[in-house]
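What the coordinates show
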Amino acid sequence: MSDQCVFCGIVAGNVPSVKVAEDDTTYAFMDINPGSDGHLLVVPKRHSRDLLDIQADDLAAVTLTAQRVAKAAVKELGADGVNLLNCCGADAWQTVFHFHLHVIPRYVDKTKDRLVLPWQPGIRGDMDAIAALGNRLSAAVN
Ligand code: 5GP
Ligand code: ZN
């Protein structure tokens, strides 16, 4: 736990939140700046900074909780789809440095849904460049 971390404060109950689900290792709560109706966050109770820092067991547990609450969003809120989003690093839009998955219900009804796709779909990349990057990643992954 970090004294400076707002999500550690939420997990500890020192910062108010609208709780949706909780188990031994994860905590799910509503986002206060929702991109759609029902937008929530799932965090590990144990502090980790981001995707590169989180331990595998916490990452697995957070992902499973995200699936549980996504199913609830579809069943209870009538969501037409769900996006999972993680921002890792300030340059990737991370603003709170305690790992979290956004669970964002999506709706055909745009009065409930303010999201837009952050890249332009359908613009084909250079296949040689794509293959070269893929080959570098393939050699680097462990
Ligand atoms: P990030 O930009 O790091 O991926 O997402 C951080 C999210 O945390 C934002 O969507 C923001 O609205 C949410 N957030 C920041 N502070 C609080 C807070 O005190 N309570 C809640 N419930 N959400 C917060
Ligand atoms: Zn924290």
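Quick caveat: nothing in here was measured; it's all calculated off a predicted structure.

**Side note on the state of the cysteines**
Counted by the stated rule, this structure contains zero disulfides. No disulfide involves Cys88; its sulfur sits 9.1 Å from that of Cys87, the nearest cysteine.

**Some words on the nonpolar core**
Grouped together as the largest cluster of nonpolar side chains are 12 residues: Ala21, Ala28, Leu40, Val42, Ile54, Val62, Ala66, Val69, Ala70, Phe99, Leu101 and Val103. Of all the secondary-structure elements, those providing two or more residues to this core are strand 3 (40-44), helix 2 (56-77) and strand 5 (101-106). The element contributing the most residues to this core is helix 2, with four residues. If sequence neighbours within four positions are ignored, Val62 has contacts with Thr26, Val42, Val43, Pro44, Phe99 and Leu101. Formed by nine residues, the second largest nonpolar core is a distinct cluster that contains Cys5, Leu41, Val43 and Val96.

**Focus: the site of ligand 1**
Ligand 1 sits among 16 residues. The nearest are Met30, Asp31, Asn33, Thr95 and His102. Contact with the protein chains hides 84% of the accessible area of ligand 1, taken as 520 Å² for the molecule alone. A molecule is said to occupy a pocket when more than half its atoms come within 2 Å of that pocket's grid points, and by this definition ligand 1 occupies the largest pocket. Sorting the residues of the shell around ligand 1 by element identifies helix 1 (6-12) and strand 2 (26-30) as the ones contributing at least two each. Counting residues per element, the shell around ligand 1 draws most heavily on helix 1, at three residues. Along the lines of polarity and charge, the residues of the shell around ligand 1 split into 10 nonpolar, five polar and one charged.

Rules behind the numbers
Residues numbered from 1 in each chain as written. Chains lettered and ligands numbered in written order. Predicted model: local features only at pLDDT ≥ 70, side-chain atom pairs only at ≥ 80, totals over all residues. Heavy atoms only, no water. Disulfide = S-S within 2.5 Å. Core = buried A, V, L, I, M, F, W, Y, C linked by side-chain atoms within 4.5 Å. Buried < 20%, exposed > 50% of the residue type's maximum accessible area, 1.4 Å probe, protein only. Helix = DSSP H or I, 4+ residues; strand = E, 2+ residues; numbered from the N terminus. Contact = heavy atoms within 4.5 Å. Near = heavy atom within 4 Å. Areas by Shrake-Rupley, 256 points an atom, 1.4 Å probe, with all protein chains shown as cover. 1 Å grid on protein atoms, 1.4 Å probe; cavity = no way out; pocket = protein on both sides within 12 Å on 5 of 7 lines; lining within 4 Å. Sits in = over half its atoms within 2 Å of the grid points. Nonpolar A, V, L, I, M, F, W, Y, C, P; charged D, E, K, R; others polar.

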